[in-house]
Structures are given as C-alpha cells and as structure tokens.
Amino acid sequence: MELEDLRVYQLSMELGEKVWKMVETWNYFQKDTIGKQLVKSVDSIAANISEGYGRFHFKETKQFAYYSRGSLYETRTWLAKARSRNLIDDGAYKKIIENIDTMTPQLNGYIRSLGKYYDK
C-alpha cells in the first residue's frame, strides 16, 4: 500500500488545504500570529504520517503517528483561538471540527493497526 492510499493521510491533506485557504484571507497580523501556528499544526498532521511511513523501523512509524495525533489536537486549540478572536465564524469552525472529528478515530485506528501488525 502506498502512502497516498491511506485514508487518514488523504483526510489530513484535505484538512490542510481547507485551513490554508481560510488563513490566506486573513490580514498580516492575524496570519503572522495565529495563522502561522494553525497552518504549521495542521500541516504537521500529514507531514508526520508521511515521515513515519517512510521510516525503516515500525516503532518509529508508530511514534510519528503519535506526533501526528498531537498535531491534530494542537490544531483544535488554534482553531478555538481563531474562533474566540473572531477570525472564523461558528459555521466554519464547526465544519473544520467535523473534519477533525472524522479524522481522529481514523488516526487512532491507524496507530492501533501499527501496534497489531508490528507487535507480533
């Protein structure tokens, strides 16, 4: 199976593009503060999945999947800050959170599958 075939990777790439398009419309100060942090955290989800996928040892693959999950939760925090500072409206916030809520069990399942496959 190729990296691009992993559903959790596909979802993380889609989420990164949605967030990028949203942040692109913000003014300089908003982009330079919350925007950069939000984009880095959301892009880190896919980046860590792919870095772990390319590692030689399964324990490293699993560790990078944990990093990815941490980035997923960090993204939630930056989104909450963006919403509380009126950078995104409730509707946009809820849509992105729905994407994250879809991705979270997928990422947890991916992590579990690594343990089942490699812990033998």
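What counts and what doesn't
- Residues numbered from 1 in each chain as written.
- Predicted model: local features only at pLDDT ≥ 70, side-chain atom pairs only at ≥ 80, totals over all residues.
- Heavy atoms only, no water.
- Salt bridge = Lys/Arg side-chain N within 4 Å of Asp/Glu carboxyl O.
- Helix = DSSP H or I, 4+ residues; strand = E, 2+ residues; numbered from the N terminus.
- Buried < 20%, exposed > 50% of the residue type's maximum accessible area, 1.4 Å probe, protein only.
- Phe/Tyr/Trp six-rings, centres within 6.5 Å; stacked < 30°, edge-to-face > 60°.
- Lys NZ or Arg CZ within 6 Å of the ring centre and 35° of its normal.

Here we take up the pattern of salt bridges. Any two side chains of opposite charge can pair, on the condition that their charged atoms come close. One pass over the full model with this rule turns up five salt bridges. Its salt-bridge partner being Lys-36, residue Asp-32 comes within 2.7 Å of it at the nearest N-O pair. Placement of the pair is Asp-32 and Lys-36 together in helix 2 (residues 28–53), with a separation of four residues, close to one helical turn. On the basis of relative accessibility, which here comes to 45%, the residue Lys-36 falls in the partly exposed class. Residue Asp-101 is joined to Arg-76 by a salt bridge in which the shortest nitrogen-to-oxygen separation is 2.8 Å. Taken as a pair, Asp-101 in helix 4 (residues 90–118) and Arg-76 in helix 3 (residues 58–84) lie far apart in primary sequence, 25 residues in all. Overlapping salt bridges, with partners in common, bring together Glu-51, Arg-55 and Glu-60 in one network.

Moving on: unusual backbone geometry. Phi at Asn-86 takes a positive value of approximately 60 degrees, unusual for a residue other than glycine. Counting through the fold element by element, Asn-86 comes out in the loop between helix 3 and helix 4.

Considering all chains together, one arrives at one aromatic pair under this definition. Judged by centre distance (5.2 Å) and plane angle (85 degrees), the rings of Phe-64 and Tyr-67 are edge-to-face. Note that Phe-64 and Tyr-67 are positioned in helix 3 at a spacing of three residues, about one turn of the helix. For Phe-64, a relative accessible area of 12% corresponds to the buried category. Seen from the ring of Tyr-93, Arg-83 lies directly overhead, with NZ or CZ sitting 4.0 Å from the centre.

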